[in-house]
2 protein chains.
Amino acid sequence: METQISTCDATSEARETHERILEAAQKLFAEKGLDATSVRDITAAADCNVAAVNYHFGGKENLYLESFKAMLGPLRDQRLAMIAELMEREPVPTLEEFLATFAEGFLDPLVDHSRGRMFMVFVSRELLDPRLPLSVFLEEFILPMVQRAAAALERVGPPMTPNNRIMCIFSLIGQLLHAVKAHHLSAHVEIQDAVPFDLAGFVDHFVRFSSAGLRAYSLDETASSTPFTGGEKDQ
Amino acid sequence: METQISTCDATSEARETHERILEAAQKLFAEKGLDATSVRDITAAADCNVAAVNYHFGGKENLYLESFKAMLGPLRDQRLAMIAELMEREPVPTLEEFLATFAEGFLDPLVDHSRGRMFMVFVSRELLDPRLPLSVFLEEFILPMVQRAAAALERVGPPMTPNNRIMCIFSLIGQLLHAVKAHHLSAHVEIQDAVPFDLAGFVDHFVRFSSAGLRAYSLDETASSTPFTGGEKDQ
DNA sequence: GACAGATTGAAACAATTGTTTAATATTTAC
DNA sequence: GTAAATATTAAACAATTGTTTCAATCTGTC
């Protein structure tokens, strides 16, 4: 008899066990990490038997890898699409437009206090205790974005060496990542005197600060003889 | 009979058990985190009995807290001394001198691939899975440095609102932290085409990029009407 | 030497871990 | 309906965890 269990909502009952496990695993792995999350935690959240993890995923470690890819794949694609849009926008954006769009596209998936924070924490954990080879993680998730961001910067920014362009991208991403972490931190702790971190205000500052920083490289296309260029100490 | 065991060097034998445990714990907690480090790992590295941890420290968790303070206290003091030196140096340093000294003093304890990396990893782990209250961690280790760095910047940098000064400090620290992580990462993975991250070169870039970014605030002491100031959207 | 306190040692404790097993239930195909 | 394949279940497995116990040893004082 095909009795539809009417007391439970369809969303949690109808879905396959496989899918429920994957979803619960993403949440728990991001929250507490792989070691602190027991298989029984996952199966309890997914409302299934302990053995289901091994049956459907062949073990806890493999479930972690699939959770990681399922979580970060879409994020990476969203980022790359944002950068691609910047590469093709006509007319060529100003430096300020570029930075504002880049910051917004970079931060948008991360600022949310549930899912966005999951992204950040998951990646931080993976970087501390890598379960998939670090080289794979970098080549698949990090380097593509850095390289394409550098290409986009070449279109809109002042002329500079490719090496300097990479360092500028590092400066941009470093600022934004630090801001996201401050944003999440300030929402999770109460400090008496401090005002909560103002992410929107920081983006304004980021555009102003970084556009000036980038334009510092437009002064010396030919003569790079300022004392801090470091061009002469290459090698 | 006070037989001096001559087969073992004095450094590992003579020291008290208490001290050996604390040292081994710092190393292992930083490397693998609290959960992944068993008491037996620590006592094996410290060459003592399992019960010694509970006898000397009253438990694993308490040993972690003492390890954390023993690790980060000196680092914080070193940072504050560096900033204090910048505050009192005569004549007032140029912006470039300030940034170069700040970057060097900030990075110096962190770049080392054994102890410096331990600092970074330990703090990252504590931020992900806080064992001491986050507010204590921030008030004791982070905020003092941010505030004094802002005070030092007030002395050498262009005039700006205190809020903007804090955001500039965020930009500086965000860049430097990101660079340290790239520095450590590039030493631990082999990626075919990529050149290893050049930290010294990044510091040069950092000074150039950030001095220009800071000077972007020297344009409008009175009229802050650029479209990205955000002054009009306060509240 | 003898005693008291501090420290160390081996063994055992209860709890939790990931995984496996074998039986049962469900679905699919004919 | 029947049989094969798929999926789920409860129970048990061996291993590891932090902590405790209690006897043995060391250290300093009288």
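Please read all numbers here as calculations on a predicted model, not as lab measurements.

Rules of the game
- Residues numbered from 1 in each chain as written.
- Chains lettered and ligands numbered in written order.
- Predicted model: local features only at pLDDT ≥ 70, side-chain atom pairs only at ≥ 80, totals over all residues.
- Heavy atoms only, no water.
- Helix = DSSP H or I, 4+ residues; strand = E, 2+ residues; numbered from the N terminus.
- Buried < 20%, exposed > 50% of the residue type's maximum accessible area, 1.4 Å probe, protein only.
- Contact = heavy atoms within 4.5 Å.
- Areas by Shrake-Rupley, 256 points an atom, 1.4 Å probe, with all protein chains shown as cover.
- Domains from an automatic or database assignment.
- Buried area = accessible area lost by both parts, 1.4 Å probe.
- Salt bridge = Lys/Arg side-chain N within 4 Å of Asp/Glu carboxyl O.
- Nonpolar A, V, L, I, M, F, W, Y, C, P; charged D, E, K, R; others polar.
- Expected span 1.5 Å × (residues − 1).
- Polar contact = N/O pair within 3.5 Å; in protein donor to acceptor, adjacent residues only side chain to side chain.
- Near = heavy atom within 4 Å.
- Core = buried A, V, L, I, M, F, W, Y, C linked by side-chain atoms within 4.5 Å.

Turning our attention to the overall build of chain A. Across its full length, chain A holds 10 helices and zero strands. Along chain A, helices (α) and strands (β) appear in the sequence α-α-α-α-α-α-α-α-α-α when read from the amino end. Considering chain A as a whole, with its 235 residues, one finds that 49% of them fall into the buried category. Pairs at least 24 apart in sequence give 70% of the contacts found in chain A among residues at least 6 apart. Element-wise, carbon and sulfur atoms account for 54% of the exposed surface of chain A, whose accessible area totals about 11800 Å².

All names here are of chain A. Split into domains, chain A comes out as domain 1 (11-58) and domain 2 (61-220). When each unit is reduced to the centre of its C-alpha atoms, the spacing between domain 1 and domain 2 is 30 Å. Across the boundary between the two partners, domain 1 contributes 15 residues, which contact 13 residues of domain 2. For the pair domain 1 and domain 2, the summed buried surface comes to about 1200 Å²; carbon and sulfur atoms form 69% of the total. When the area that domain 1 buries against domain 2 is broken down by residue, the three leading residues are Gln 26, Ala 30 and Leu 34, summing to 44%. Run the count over domain 1 and domain 2 and you get one salt bridge. Close ionic contact of Asp 35 with Arg 131 constitutes a salt bridge, the shortest N to O distance being 3.3 Å. Secondary-structure elements contributing two or more residues to the side of domain 1 that touches domain 2 are α2 (17-36) and α4 (51-57). A total of 12 residues in the side of domain 1 that touches domain 2 trace back to one element, the largest contributor, which is α2. Class assignment of the residues belonging to the side of domain 1 that touches domain 2 gives a composition of nine nonpolar, two polar and four charged.

For the rest of this paragraph, the subject is helix α10 (residues 199-215) of chain A. All names here are of chain A. Its 17 residues place the ends of α10 24 Å apart at the C-alpha level, agreeing with the 24 Å of an ideal helix rising 1.5 Å per residue. In terms of burial, α10 is largely enclosed, as 15 of its 17 residues are buried. A distance of 3.4 Å separates the backbone nitrogen of Ala 200 from a side-chain oxygen at the start of α10, and that oxygen is part of Asp 198.

In the neighbourhood of DNA strand D, 16 residues make up the surrounding shell, with Thr 17 and His 56 of chain A together with Val 39, Arg 40 and Lys 60 of chain B lying closest. Each atom of DNA strand D within 4 Å of the protein was assigned to sugar, phosphate or base; sugar and phosphate come to 51%. Side-chain polar atom of His 56 of chain A to a phosphate oxygen of DNA strand D: 2.6 Å apart, as the coordinates give it. A distance of 3.5 Å separates a phosphate oxygen of DNA strand D from a polar side-chain atom of Asn 54 of chain B. Of all the secondary structure elements, the ones that give two or more residues to the surface near DNA strand D are α4 of chain A together with α3 (39-45) and α4 (51-57) of chain B. Of all the elements, α4 of chain A adds the most residues to the surface near DNA strand D, at three residues. Taken together, the residues of the surface near DNA strand D break down into six nonpolar, seven polar and three charged.

The local shell around DNA strand C holds 16 residues, among which Arg 40 and Lys 60 of chain A together with Thr 17, Tyr 55 and His 56 of chain B are the closest. Each atom of DNA strand C within 4 Å of the protein was classed as base or backbone; sugar and phosphate made up 54%. Side-chain polar atom of Thr 17 of chain B to a phosphate oxygen of DNA strand C: 2.2 Å apart, as the coordinates give it. Secondary structure elements with two or more residues in the surface near DNA strand C: α3 (39-45) and α4 of chain A together with α4 of chain B.

At the interface, 55 residues of chain A touch 55 residues of chain B. The contact between chain A and chain B buries some 4700 Å² in all, and 69% of this surface belongs to carbon and sulfur atoms. Applying the counting criterion to the chain A and chain B interface returns two salt bridges. As a salt-bridge pair, Arg 125 of chain B and Asp 129 of chain A come within 2.9 Å of each other at their nearest N and O atoms. Sorting the residues of the side of chain A that touches chain B by element identifies α2, α7 (115-128), α8 (134-156), α9 (162-188) and α10 of chain A as the ones contributing at least two each.

The next thing to look at is the nonpolar core. Among the nonpolar cores identified, the biggest contains 142 residues, and Leu 63, Phe 102 and Phe 137 of chain A together with Leu 63, Phe 102 and Phe 137 of chain B are the most heavily contacted of them. Those residues within four positions of Leu 63 of chain B in sequence are excluded, and the remaining contacts are Ile 21, Leu 22, Ala 25, Phe 29, Ile 42, Val 53 and Phe 57 of chain B.

Once that is clear, we can look at the pattern of salt bridges. Residues and elements named next belong to chain A. On inspection of all chains with the given rule, the structure shows 18 salt bridges over all chains. For Arg 165, the salt bridge goes to Glu 154, with nearest N and O atoms at 3.6 Å. Of the two residues, Arg 165 sits in helix α9 while Glu 154 sits in helix α8, which places them 11 residues apart along the sequence. Note on Arg 165: relative accessible area 8%, which makes it buried.

Time to look at the environment of Val 50 of chain A. Residue and element names in this part refer to chain A. As for its position among the elements, Val 50 is in the loop between α3 and α4. With a relative accessible area of 32%, Val 50 lands in the partly exposed category. Each C-alpha atom, one on Val 50 and one on Ser 38, is 10.0 Å from the other, the two residues being 12 residues apart in sequence. In this structure Val 50 touches Val 39, Arg 40 and Thr 43, once residues within four positions along its chain are discounted.

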